[in-house]
Amino acid sequence: MITGSVVELGAALRSRRVSSVELTAALLDRIDAVNPKLNAFLARDRERSLAEAKAADALLGAGRATPLTGIPVAHKDVLMTAGWATTCGSRMLENFVAPYSAFVVERIAAAGMVLTGKTNMDEFAMGSSSETSYFGPVRSPWNVDCVPGGSSGGSAAAVAARLVPAATGTDTGGSIRQPAALSGVCGLKPTYGVCSRYGLIAFASSLDTPGPLARTAEDCALLLNAMAGHDPRDSTSLDRPSEDYTRLLASGAGAKPLAGLRIGLPKEYFGAGVDAEVGEAVHAAVRELVALGAKPLEVTLPDVELAVPVYYVLAPAEASSNLARFDGVRYGHRAAEYDDLNDMYEKTRAEGFGAEVKRRILVGTYVLSHGYYDAYYLKAQQLRRLIAEDFRRAYRDCDVIVGPTAPSAAFKIGAKSDDPVAMYLNDIFTVAGNLTGAPAISIPCGFDRNGLPIGLQIQGEAFSESVILNVAHRYQQATDWHRREPADLAMETSA
Amino acid sequence: MSWEAVIGLETHAQLSTRSKIFSGASTGFGAAPNSHASPVDIALPGVLPSLNKGAVERAIRFGLAVGGTINRRSVFARKNYFYPDLPKGYQISQYEIPVVQGGAISILSPARGEVSVRLTRAHLEEDAGKSLHEDFRGKTGIDLNRAGTPLLEIVSEPDMRSAEEAVAYAKTLHGLVRWIGICDGNMQEGSFRCDANVSVRRSGEATLGTRCEIKNVNSFRFLQHAIEFEIRRQIELIEDGGRVEQQTRLYDAERNETRAMRTKEDAQDYRYFPDPDLPPLAIDEAWIARVRAQLPELPQAKRDRYVSECTLTPADAMSLTALSSLADVFEATMRAGVEPKLAANWVLGEFSAAVNKAEIDPAAAPVSGADLGALLARVQDGTISGKIAKDVFEAMWSGEGSPDAIVEKRGLKQISDAGALEKIVAEVLATNAAAIAEYKSGKEKALNALVGKVMAATKGKANPAQVNAILRRKLT
């Protein structure tokens, strides 16, 4: 029962079959038991979590509950959380306690959710495996020798292992969707600007997008209802009328709930480089969608092959500037000894940042340098517009674009650590969504022969969250991939 | 061989918004260190800038006042460099597309008369904090109160040819930004700071020489000295067979010299790129129209009017428009029916002296323009002499009442009664035979001595013109 979905737990809480305190305490015990094997959680604070649960119970008792009141949640450690250690997976912020909360953290608290802890991640969200954390790699609950994906790997692993029904993540090049795919959960990257970035420790400002990870599309919709909204503190936050992202999910299903929906299948997403088992699982999912009434058609995204190189110019460029504030002057790590100011900067940043972060800062500094700016940064910006144009053209013919989330299932820890380019190619199908700003969701659609999850990505046009959530929801009503659970690590512990 | 100096100025005017350009923290000066530093100013992880519309509005006001182009779309860019008082590791500024482009400011050059100094651009940016190198025993303190203060950087074309012109430009600009209410102009507090780009070339040459940028000049006097020094230094260098190296130089007021700070070789690569946290700044016609409607009459328009309608000299017109409050006093004085020249002389003379002595703004003076007008009306109608008026002005300044009341109370009314004056003149003539003889022998000056005697006898109240006439009549 405590491993239920957000919808199931919400119903149980509101009918008073279980209290939030009981639920939270049970999940905290479960986290304590399982986390040593997964390293999915960083900071936890039992007393605080139970106090929040008690407050939620009061609201539930007073009949003032939202659909999320009393439900445990976890936040990716990239999100500033007042009074909580917020490390971004980095030695640079090892002992940093956030003095304020991110917008999405505030919104989720305001909806009554109970924070159970902060989740581990690739350092400064730079990675696709959650191995670059200063606090050690996160492990997949499906196979603890494998990665959970990244950078929101702690959140994905926590949801997959049923440690929390939902968690937040952030997606800069696929960091919600790819770990969701590799961990067998749902992960939604909303349209850029729908969720405020205020309090999200910036990696690449024009790409960073907060979003939810949960077990079902419906749960993601409920979380997004809480997380979305205009925030004047973020100038890129959009001031749009508020929207109920669950509104399409409730309507009568019928045999062909997706009748009339045109699903575009980009030929570029089904070619070489995609693992055969992933391809098969995605094709099977497409057949399922067709059975539900959708009409498939081939589309083409001729410039999408440039998405990864474009991304690996723009994201490091912004990161090199965003991470300049970690200089040892005002907060965070500072080298113990140094000769002068420059020495202090050099030692502090050499000690505080890991190898992947340094690599991206160097790349970003290079592409912005005098004499290289036009050839790299400016060119990448032009290509970014071309890629967006590809999608605009494709959406003339189709409503959503479907394909694999990642080219393969989870890989072994360490397998790609020495090959950054192989690691970067994990994002080959996800980065375009960040470059265009459009929303996309990853949902489970099968397993490979090793029993590792495979993810299906459904992309849509800007502000089409409700549409892609509905496609995912109808698929989940007809299939049970999202209900498959890894062997219970808590049971193994007690056995 | 004669030389010509070529000078351009970059001016940082602190905009008079109550809160910072990208945060809600106060811009107040002199608070305890770091008490006006919000999470955004400290650059905590995760914080984002949100633009203060008031700063944009002031930039628009400036652009309109100098006749520049207000860009309908301008872009904020990050200027990246590491320094402890730069919390984000970058300064948000505008690079390729500034908010204002072009425009001009008309100055009065001692050598060339009225000169139009063209402006290259004016862009919005944030100030850095302050590093405090004293008081921390070998360590450096950081005060971020100033970090994020809105600045308008105003860049001129190299249109000035002497230190005097540079100072005239700086003063005119200083007057303008206060006039339109976008900057308090307080130079001690750093609200108005100038950097000067100086180069020299042989007279008649068309190409520019290599320039040096002089930083850290915080008064008009220092600006003048620093530029004069730099011009001399460059000329001597070239005449001695050397070459000017492109440098940033610091002015040392104590030694009155400029010193090299860094050369072009160690110039930093700031890696400018558009700030992804801030969408391009869009300014629509309606906004510009609103700001235009609120603009006061500009100093240049007033100057032109004062010269053409009031027949004042350009120099007087320039002085009267140094401050809008001073121009207000002048205009109120004229409204009382006072001749422009008389009004200008008094506003720039007695009135300005008193205001400067009291260190107050003209608007706060105990004698208003209307009061001054009432006083000068009595000079014009012959009730009192100009000399007596100065005493009355002093009495007005110390709060003794209206000019008429003071004249009445002190019995200062001018003696214009012909009979009375004739009598006094006769008395003076009776006791000054020597002066009379001198005058009659052709020494015109002797008449002045006699007039002086009559004035003394009447304690200055005699109508000098009338006394003059009576004396001349009696002595022929």
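Residues numbered from 1 in each chain as written. Chains lettered and ligands numbered in written order. Predicted model: local features only at pLDDT ≥ 70, side-chain atom pairs only at ≥ 80, totals over all residues.

Caption draft 1: Inspection of the overall build of chain B at higher detail. Counting its secondary structure elements, chain B contains 16 helices and 17 strands. Taken against the 2.2 N^0.38 rule, which gives 23 Å for 476 residues, the C-alpha radius of gyration of chain B at 29 Å runs more than 25% over that of a compact globule. Each of the 476 residues in chain B was classed as buried or not, and the buried ones make up 42%. Within chain B, counting contacts between residues at least 6 apart in sequence, those at least 24 apart form 69% of the total. (Helix = DSSP H or I, 4+ residues; strand = E, 2+ residues; numbered from the N terminus. Rg over C-alpha atoms; globule rule 2.2 N^0.38 Å. Buried ≥ 20, exposed ≤ 12 C-beta atoms within 10 Å, placed from the backbone. Contact = placed C-beta atoms within 7 Å.)

Caption draft 2: A look at the overall build of chain A. The helix and strand tally for chain A stands at 16 helices and ten strands. A compact globule built from 495 residues would reach a C-alpha radius of gyration of about 23 Å, and chain A, at 21 Å, matches this within 12%. If one aligns the C-alpha atoms of chain A with their principal axes, the spans along those axes are about 70 × 55 × 45 Å. Put simply, chain A has 495 residues, and 60% of those count as buried.

Caption draft 3: Geometry of the interface of chain A and chain B. Contacts between the two partners involve 33 residues from chain A, matched on the other side by 26 residues from chain B. Contributing elements (two or more residues each) for the side of chain A that touches chain B: α9 (307–322), α10 (341–352) and α11 (355–368) of chain A. Looking at the side of chain A that touches chain B element by element, the count peaks at three residues for α9 of chain A. Here the residues of the side of chain A that touches chain B are counted per class, giving 17 nonpolar, nine polar and seven charged. (Nonpolar A, V, L, I, M, F, W, Y, C, P; charged D, E, K, R; others polar.)

Caption draft 4: Structural context of the nonpolar core. Core analysis: the largest hydrophobic core is formed by 262 residues, its most contacted members being C186 and I441 of chain A together with A166 and A196 of chain B. Among the elements that line this core, the one with the most residues is helix α3 (residues 163–179) of chain B, at ten residues. Both domain 1 (3–287) and domain 2 (299–410) of chain B contribute no fewer than three residues apiece to this core. Among residues more than four places away in sequence, those in contact with C186 of chain A are A180, L213, A214, R215, T216, A217, C220, I441, S442, I443, A472 and H482 of chain A. By size, the runner-up hydrophobic cluster in this structure holds eleven residues, among which are L421, L450, V454 and I470 of chain B. (Core = buried A, V, L, I, M, F, W, Y, C linked by C-beta atoms within 7 Å. Domains from an automatic or database assignment.)

Caption draft 5: The arrangement of the environment of A315 of chain B in detail. Tracing the backbone through its elements, the reader meets A315 of chain B in helix α7 (residues 314–320). Put simply, A315 of chain B and Y270 of chain B are 45 residues apart on the chain and 43 Å apart in space, counted from C-alpha to C-alpha.

Caption draft 6: Quick peek at the domain arrangement of chain B. All names here are of chain B. Examined at the domain level, chain B breaks down into domain 1 (3–287), domain 2 (299–410) and domain 3 (418–475). Centre-to-centre, using C-alpha coordinates, domain 2 lies 31 Å away from domain 3. Between domain 2 and domain 3, the residue contacts involve four residues of the former and four residues of the latter.

Caption draft 7: Broad picture of the sheet that holds strand β4 (residues 76–80) of chain B. Pairing within the open sheet is antiparallel, and its three strands lie in the order β5-β4-β16 (chain B). Edge positions in the open sheet fall to β5 (90–94) and β16 (273–274) of chain B, since each of these has one partner strand only. (Pairing = 2+ DSSP bridges.)

Caption draft 8: Highlighting helix α6 (residues 299–308) of chain B. Residue and element names in this part refer to chain B. Residues P299, Q300, K302, R303 and Y306 constitute the buried set of α6. In a view along the axis of α6, the buried residues occupy a sector of 160°, so they form one face of it. Exposed and oriented more than 90 degrees from the buried face of α6 are A301 and S308. (Arc of directions from axis to C-beta.)

Caption draft 9: Highlighting the packing of helix α15 (residues 445–457) of chain B against helix α16 (residues 464–475) of chain B. Residue and element names in this part refer to chain B. With their axes 10 Å apart at the nearest point, α15 and α16 run at an angle of 125° to one another. Comparing the axis directions of α15 and α16 gives the class oblique. α15 and α16 meet at a crossing whose hand is right-handed. Facing L447, L450, V451, V454 and M455 of α15, the residues of α16 in contact are P464, V467, N468 and L471. Here the contact of α15 with α16 is built from residues that sort into eight nonpolar, one polar and no charged. (Axes fitted to C-alpha atoms, helices over the stretch in contact; angles between N-to-C directions. Parallel < 35°, antiparallel > 145°, perpendicular 65-115°, else oblique. Left-handed = near helix turned anticlockwise from the far one by under 90°.)

Caption draft 10: Inspection of the packing of helix α8 (residues 324–335) of chain B against helix α9 (residues 340–358) of chain B at higher detail. Residues and elements named next belong to chain B. At a minimum axis distance of 9 Å, the contact between α8 and α9 shows a crossing angle of 135°. Taken together, the axes of α8 and α9 are oblique relative to one another. By crossing handedness, the relation of α8 to α9 is classed as right-handed. Taken together, the residues of α9 that come into contact with α8 (itself represented by L326, V329, F330, T333 and M334) are P340, A343, A344, W346, V347 and F351. Of the residues assigned to the contact of α8 with α9, the class counts are ten nonpolar, one polar and no charged.

Caption draft 11: Structural context of α10 of chain A. Residues and elements named next belong to chain A. The end-to-end C-alpha distance of α10 is 16 Å, a good match for the 16 Å that twelve residues give at a rise of 1.5 Å each. Inspection of α10 places Y345, T348, R349 and G352 among the buried residues, and these make up the whole buried set. Considered in projection along α10, the buried side chains sweep an arc of 90° and stay on one side of the axis. Structural note: α10 exposes N342, D343 and A350 on the side pointing more than 90 degrees away from its buried face. (Expected span 1.5 Å × (residues − 1).)

Caption draft 12: Fine view of the pairing of strand β11 (residues 150–156) of chain B. Residue and element names in this part refer to chain B. Among the seven residues in β11, five count as buried, and that is most of the element. As judged from the five bridges shared by strand β1 (residues 3–14) and β11, these two strands associate in the antiparallel manner. Note on β11: the bridge partner recorded for E10 is V155. As paired elements, strand β8 (residues 113–126) and β11 share seven bridges and run antiparallel to each other. Its bridge partner lying in β11, L119 is registered against S156.

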